Amino acid sequence: MRVMEFSKGRHVALGITVAPESVDAFLAELRNVKAALLDWKAKHQDRCERVIFTVVCSLDNHEAIESALKQTYDSEQDLSPLLKSVNVDVALLDSSGKPVKEYSLSAAPEPITHARSKPWWQFW
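Attention in this report is confined to the structure presented alongside it.

Some remarks on helix α1 (residues 23-44)
Point 1. Here α1 is 22 residues long and its end C-alpha atoms lie 30 Å apart, about the 32 Å a rise of 1.5 Å per residue gives.
Point 2. Taking the largest bend as the criterion, α1 deviates by roughly 30°, centred on L30.
Point 3. Listed in full, the buried residues belonging to α1 are F26, L30, V33, A36, L37, W40 and H44.
Point 4. As for α1, its buried residues are in contact with β1 (2-8), β2 (11-18), β3 (48-56), α2 (59-75) and α3 (79-84).

See the structure below:
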């Protein structure tokens, strides 16, 4: 697990990257994720704005990992209130690091599209 803090002005974000070999390994890693999130919240309190989960693993594990993150967001005793108080983004990458799916847990999980249309004044 890699934990990174980012700040913009007075707001702080926490990036958590994990690369589990299996769903069981991911579930075990959630204990470390929980500790990191609780430490971050205690350290920054009301300045906490966003959590970004990046999971790099086999495509076969993505559905179960999404379900585990959703369950944590919805009902985990200590983390659910914390996660619901900030924006939560999830990026699922395949084993080679290519993006497969990105979405927000803070709203309906719709994929974030990277293809943006150019402004009318931008030609290139």
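From this point on, the discussion continues.
A word on the pattern of salt bridges
Point 1. Enumeration over the complete set of coordinates arrives at seven salt bridges.
Point 2. In this structure, R10 engages D46 in a salt bridge whose closest nitrogen and oxygen atoms are separated by 3.4 Å. Pair noted here: R10 is in the loop between β1 and β2 and D46 is in the loop between α1 and β3, with a separation of 36 residues, a long-range link.
Point 3. Residue classification places R10 among the partly exposed positions, given a relative accessible area of 44%.
Point 4. Taking the relative accessible area as the measure of exposure, D46 reaches 57% and is therefore exposed.
Point 5. The salt bridge partner of D89 is R50, with a shortest N-O separation of 2.5 Å. Separated by 39 residues along the polypeptide, D89 in strand β4 (residues 87-93) and R50 in strand β3 bring together distant segments of the chain.
Point 6. Among the charged side chains, a network of salt bridges with common partners joins K34, E76 and D78.

What counts and what doesn't
- Residues numbered from 1 in each chain as written.
- Predicted model: local features only at pLDDT ≥ 70, side-chain atom pairs only at ≥ 80, totals over all residues.
- Heavy atoms only, no water.
- Helix = DSSP H or I, 4+ residues; strand = E, 2+ residues; numbered from the N terminus.
- Expected span 1.5 Å × (residues − 1).
- Bend = angle between axes of the 7 residues up to and from the residue.
- Buried < 20%, exposed > 50% of the residue type's maximum accessible area, 1.4 Å probe, protein only.
- Contact = heavy atoms within 4.5 Å.
- Salt bridge = Lys/Arg side-chain N within 4 Å of Asp/Glu carboxyl O.

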